[in-house]
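Chain by chain, the residues:
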Amino acid sequence: MEITTTELDGVLLLTPAVHRDDRGLFTRTFDAAAAAEHGIHPGPDCQDSQSRSEPGVIRGLHGRRGDGEAKLVRCARGRILDVVVDARPGSATFGRHLAVELDDVSMRALWIPAGMLHGFQVLSDGPADVCYRIDRPHDPGEDVAVCHDDPELAIPWRPGTARLSPRDAAAGSWSELVAALPASPESPVRPEPRTCRACGAPGGPSDVVLDLGAQPDAKAFPLPDAPTPPTAPLAMWCCTRCGLAQLADAGGEPPGEDTAGEETPGAEPRALREQARRVVADLAADGLLPADGDPAVREFPSPHGGSWLPLLEDRGLRAVDAAADLVIDSFGLMHEPDQAAALAARAAALRQGGLLVLQVHSLAGIVAGRQWNDLRHGHYAYWSTTALTRLLHRTGLTAVWARSYPLYGETVVLAARRAVDLPADHPAPSELTALLAADERAGLTTPGGLRVLDRAARDGARALADHLRAARDRGTSVLGYAAASRAITLLRLAGVGPDLLPAVADASPDKQGRLLPGTEIPVISPEELVARRPDEVLVLLEDLLEELTDTVPELAGRLVAHRPDSPTIGAPSRHVRRFTGSTAAQRRLHTLVPGGAHTYARGEDQYPDGMAPVLVRGRGALVWDVDGNCYVEYGSGLRAVTLGHAHPGVDAAVARVLGDGVNFSRPSTLELAAAEEFLDQVPGADQVKFAKNGSDVTTAAVRLARAATGRDRIAICDQSFFSVDDWFIAHTPMDRGVPAASRAAGTLFPYGDLQALEELLDAHGEELAAVVMQPATATAEPPPGYLEGVRALCRRHGVVLIFDEIITGFRWAAGGVQALSGVTPDLACWGKGIGNGYAISALTGRADLMELGGLRTDQPRSFLLSTTYGPESVGLAALRAVLAEHRDHEPLAALHRTGEELRNALTAVVADAGLTDHVRITGHPACLMFATLDADGRPSQAMRTVLLAGLLTNGVLGQSLVTSAAHGPAEVDHTARAFTRALPDYARALSDGPETVLAGRAVAPALRSLAAPRRVRG
């Protein structure tokens, strides 16, 4: 049993080891000896209780007067969101909450010490059973209750209709409970607002918007044998008078001011240097750089580097340390404890008519990006444009120019002159007006608008800890990159040490060989990082991704960025700007592989010119390309990956068989187990034969049907794709090299039209061996009675009915459409989802048919299937793990639910854009598609290309919207944002023509007779 701390002081998460085999599972849900090592002692008078709650029910928040009660909480059935609020006066985490999902799969439990409030919400579709072990007899007379949706607590309950008991509906407020609590004489030193650093107004405890607890000085990196660095409280408060978000005082200077020694220098990021060039160029383009006479420039330096002086000297300005025509400050102002005095000093350095340029990390960007870990000791101010312009005004300055840039989420550059140097009616620049309006909409000048940062801190820290624990459990080696100050706060808040993150690399030689303050995590060089060959590199500063991809290409595709605004680690890219590595790799692929891919549907011609990512790896619903871009991927593995990439259960099953050999000269017991378990899932099937590709089994089914009937002709449903073999390829545009006889031996018929099939069978029934069809497709479900009618017609004419369930099986349902419809074919073909991306396919059917290729027959034998790799252990182990996942966890329920949520979200986005007649979200929830129509309402490859390009540049990869069980709310939200950003270009292409938007050629159908219109030259 693993017992780990959480962000609430004293609350522990207990994760048992779950042992599974073909009998079921076993787990020890509580180990008193292990628990005692962590201070968990339920006591001799403990009581066990259990509650059953229906879907949507919220119970709590409940506590107990007096000393309270400690409890162990576990979800024995279903899934819940378990919520704990620290109500202990004097606790370092007083007033904060923890929200953790507990379920009957992971068997995790929470130990909640006395003095907490507790509640939960049922998340599962069915009832949830919650078990409690309380450390003392329960006394209902001591109960207290707080309203579950109290705005001061801001608990992230899931959307839905809460069903409350009368007691919970009448619960009091958090503030009423706090007022009744006794004061603690042992309260720790906590940060308190004193007077505003800009306007001098007093602040109070209610103005604190972000409290990160005790944190070390992030500037001084200790040596391994140095004493543990001191810590001090770290919090942000917002002045209600001027709106400045600022560092709260804790009764003294930052920790280690007298003991930590000199600041450890960091490496200057390339992004910072490029930002300086961009801003100087913009100032010059707008005529703001002084040029007359002998213009002088003075720079107030910043510890972050990024000096503008070399750039300005190249433009003819002379650097001075006195009054100047141009005064610049790039990220220096935030380091001044007295903001008013610091800005006055910069204003005093201006010559008459001079220009002051300030670059600040925008509070708007911090809040929008949930960049709570930008708060650190020594950074005294976090400026909204509104608060900064107010202080400029009080200092006698007026903003005359404004720009925002994407560095660090968002930076704002303001240029100001003395008001006396400007005409009285000088207009505010339009860019400044827009920034001020954005501040107003976001509520950035009031405490209420900033409290999202505190919630994001809890969620981000928990996500990081969960990600690293999961990586450790599945054997994935992870190292970090970027020993930045903001990383230190994140790691400490998440409770991450060298056990979860053994080292963090950094380009600064001065940091290498030292420890990240307060974490015991060593800092290593990038070279050592590469030499260790980690499976994954956690980039703790997202802005370094592009630079790291360029400078350390060995890590391409292994980089996972932490983004404070994301509930998951390794979130998809928001802005994809480069495909240079993919383009180069694709060029080499064309030299070595015909078509540049091993599957036509994966071809470069299926993507916009120059925007075909070449992938390195995937995890869950995400993939990474050689340029370091991360995408939400749809249609993963051409719809083969139903559970998500690198599914831990499937991969672990494969790993277990690798050490025993994978291919033998006789059948293995694994073949027997896989056959038994697979046939248990398939209704009406007697026997199974395994192979590797879908084409293997569809062609085997056709051969078997011909053998059984003595007929040659095949009726083929006019759907998508059945086989690479001649009997089907003869009916596609790429039929060169296929004998004419193969074409004559097949006849197409339309799906859903029972009369058309009946006419075909009436006319040619004596010639037809089989009807081959997908029982359903992404965009066509069987009409009522259709499959039953097909079944009856085939029986009447002695024709073998073959269902191709390669896509629908283990996607519509585990047993395929036949399990849903009750219509059993004679033969059925399976693939894709049965192995979650591992190579495995299967043919199932009636024993009398299948035995025509076996040894229990006296008839002439048919060569059914005989493959070298069909029974190899890797594919069969993956198959068994997939079957177990479907038996134990019902992943298709999540897959279908996400599909519906995605459909609803995108339909709303398209409607809001006014494009309902031109972009359509269609298909089964398990197999969503999008249709792109031109201005005349006709399907258009050019418009499809416009939309694909917009999605790719916003971190979505997919020719469809086909989900896996790994897709969830975060992926749906990201995709909806990508559509929102892509649709304006789509609208412009409709009005002005797609050629006005496209930078290259349109995509083309994968199966076409000529390489044109996407022929590759050279």
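Values in this document were obtained by computation on a predicted structure and should not be read as measured data. (Residues numbered from 1 in each chain as written. Predicted model: local features only at pLDDT ≥ 70, side-chain atom pairs only at ≥ 80, totals over all residues. Heavy atoms only, no water.)

## A short note on the overall build of the protein
Broken down by element type, the protein carries 29 helices and 41 strands. The C-alpha radius of gyration of the protein comes to 33 Å, within 12% of the 31 Å expected for a compact globule of 1018 residues. Each principal axis of the C-alpha atoms in the protein carries an extent, and together these give about 100 × 80 × 55 Å. Among the 1018 residues that make up the protein, the fraction classed as buried is 54%. When contacts within the protein are restricted to residue pairs at least 6 apart in sequence, long-range pairs at least 24 apart make up 74% of them. Carbon and sulfur atoms provide 51% of the accessible area of the protein, an area that totals close to 42,500 Å². (Helix = DSSP H or I, 4+ residues; strand = E, 2+ residues; numbered from the N terminus. Rg over C-alpha atoms; globule rule 2.2 N^0.38 Å. Buried < 20%, exposed > 50% of the residue type's maximum accessible area, 1.4 Å probe, protein only. Contact = heavy atoms within 4.5 Å. Areas by Shrake-Rupley, 256 points an atom, 1.4 Å probe, with all protein chains shown as cover.)

## Re the pattern of salt bridges
With the rule as written, the count across this model stands at 40 salt bridges. The partner of Asp 609 in a salt bridge is Arg 1001, with the nearest N and O atoms 3.1 Å apart. In this pair, Asp 609 is assigned in the loop between α15 (580-592) and β29 (615-619) and Arg 1001 in the segment after α29 (969-992), connecting sequence segments 392 residues apart. The class for Asp 609 is partly exposed, based on a relative accessible area of 26%. Measuring nitrogen to oxygen at the nearest pair gives 3.7 Å for the salt bridge that ties Arg 796 to Glu 758. Of the two residues, Arg 796 is situated in helix α23 (residues 786-797) and Glu 758 in helix α22 (residues 754-764); the sequence distance between them amounts to 38 residues. (Salt bridge = Lys/Arg side-chain N within 4 Å of Asp/Glu carboxyl O.)

## Looking at the pairing of strand β7 (residues 71-77)
In terms of strand pairing, β7 meets strand β10 (residues 109-112) through four bridges, oriented antiparallel. In the sheet register, Val 73 faces β10, and the bridge partner there is Leu 110. In this sheet, strand β12 (residues 128-134) lies alongside β7 in antiparallel orientation, the contact comprising six bridges. Paired with Cys 75 across the bridge in β12 is Val 130. (Pairing = 2+ DSSP bridges.)

## Some details on the packing of aromatic side chains
Scanning all chains against the criterion turns up ten aromatic pairs. Ring centres of Phe 678 and Phe 810 lie 6.1 Å apart, and the angle between their planes is 15°; this geometry places the pair in the stacked category. Highlighted residues: Phe 678 in helix α18 (residues 669-681) and Phe 810 in the loop between β36 (800-804) and α24 (816-821), separated in sequence by 132 residues. Note on Phe 678: relative accessible area 0%, which makes it buried. On the accessibility criterion, Phe 810 (0% relative accessible area) is buried. Ring centres 6.3 Å apart and planes at 75° place the aromatic pair Phe 810 and Trp 830 in the edge-to-face group. One end of the pair, Phe 810, is in the loop between β36 and α24; the other, Trp 830, is in strand β37 (residues 827-830), with 20 residues separating them in the sequence. The pair Phe 810 / Trp 830 is uniform in exposure class, with both members buried. An aromatic cluster is defined as three or more aromatic residues linked by ring pairs; in this entry it consists of Phe 678, Phe 690, Phe 810 and Trp 830. The positively charged end of Arg 486 is found above the aromatic ring belonging to Tyr 408, 5.5 Å away from the centroid. (Phe/Tyr/Trp six-rings, centres within 6.5 Å; stacked < 30°, edge-to-face > 60°. Lys NZ or Arg CZ within 6 Å of the ring centre and 35° of its normal.)

## Some thoughts on the sheet that holds β10
Across the sheet, six strands lie side by side as β1-β2-β10-β7-β12-β5; this open sheet has antiparallel pairing. Two strands bound the open sheet, and with one partner strand each, they are β1 (2-5) and β5 (47-53). For this sheet the average axis-to-axis angle between neighbouring strands, irrespective of direction, equals 25°. Judged from the three bridges that link them, strand β2 (residues 12-15) and β10 form a sheet pairing that is antiparallel. Among the inter-strand pairings, Leu 12 is bridged to a residue of β10, identified as Trp 111. (Axes fitted to C-alpha atoms, helices over the stretch in contact; angles between N-to-C directions.)

## A look at the sheet that holds strand β9 (residues 97-103)
A sheet is described by the order of its strands in space; here five strands give the open sequence β9-β8-β11-β6-β13, paired in antiparallel fashion. Across the chains shown, the open sheet's two edge strands, defined by having one partner strand only, are β9 and β13 (143-145). Between one strand and the next, the sheet's axes are offset by a mean angle of 25°, whatever the strand orientation. Looking at chain direction, strand β6 (residues 58-64) and β13 are connected through three bridges and run antiparallel. Looking at the pairing, Gly 63 lines up with Val 144 of β13.

## Digging into the UniProt feature "domain: C-methyltransferase" (unreviewed entry) in the protein
UniProt records the feature "domain: C-methyltransferase" (unreviewed entry) for residues 424-551 in the present numbering. Taken end to end, residues 424-551 comprises 49% helix and 9% strand; its first and last C-alpha atoms sit 51 Å apart. (UniProt positions renumbered as here; feature names shortened; annotations may be inferred.)

## Side note on unusual backbone geometry
Leu 61 follows Gly 60 through a cis peptide bond whose omega is 25°. One can find Leu 61 in strand β6. Going from Ala 1012 to Pro 1013, the amide bond is cis rather than trans, its omega being 10°. Here Pro 1013 is to be found in the segment after α29. Of note in the backbone geometry, Arg 533 takes a positive phi value of approximately 50° without being a glycine. Its location among the elements puts Arg 533 in the loop between α13 (526-532) and β27 (536-539).

## Things to note about helix α26 (residues 873-889)
The end-to-end C-alpha separation of α26 is 24 Å, in line with the 24 Å expected for 17 residues at 1.5 Å each. Burial analysis of α26 places twelve of its 17 residues in the buried class, which makes it a mostly covered element. Structurally, α26 contributes buried residues whose contacts are with α17 (648-658), α18, β32 (687-691) and α27 (891-912). With a side-chain oxygen lying 2.8 Å from the backbone nitrogen of Val 874, the N-terminal cap of α26 falls on Glu 872. Positive backbone phi, at 50°, marks Glu 890, one or two positions downstream of α26. (Expected span 1.5 Å × (residues − 1). Polar contact = N/O pair within 3.5 Å; in protein donor to acceptor, adjacent residues only side chain to side chain.)

## Quick word on the side chain of His 361
With respect to the element layout, His 361 can be found in strand β20 (residues 350-361). With a relative accessible area of 8%, His 361 lands in the buried category. From its side chain, His 361 meets the backbone oxygen of Tyr 408 in a polar contact 2.7 Å long.

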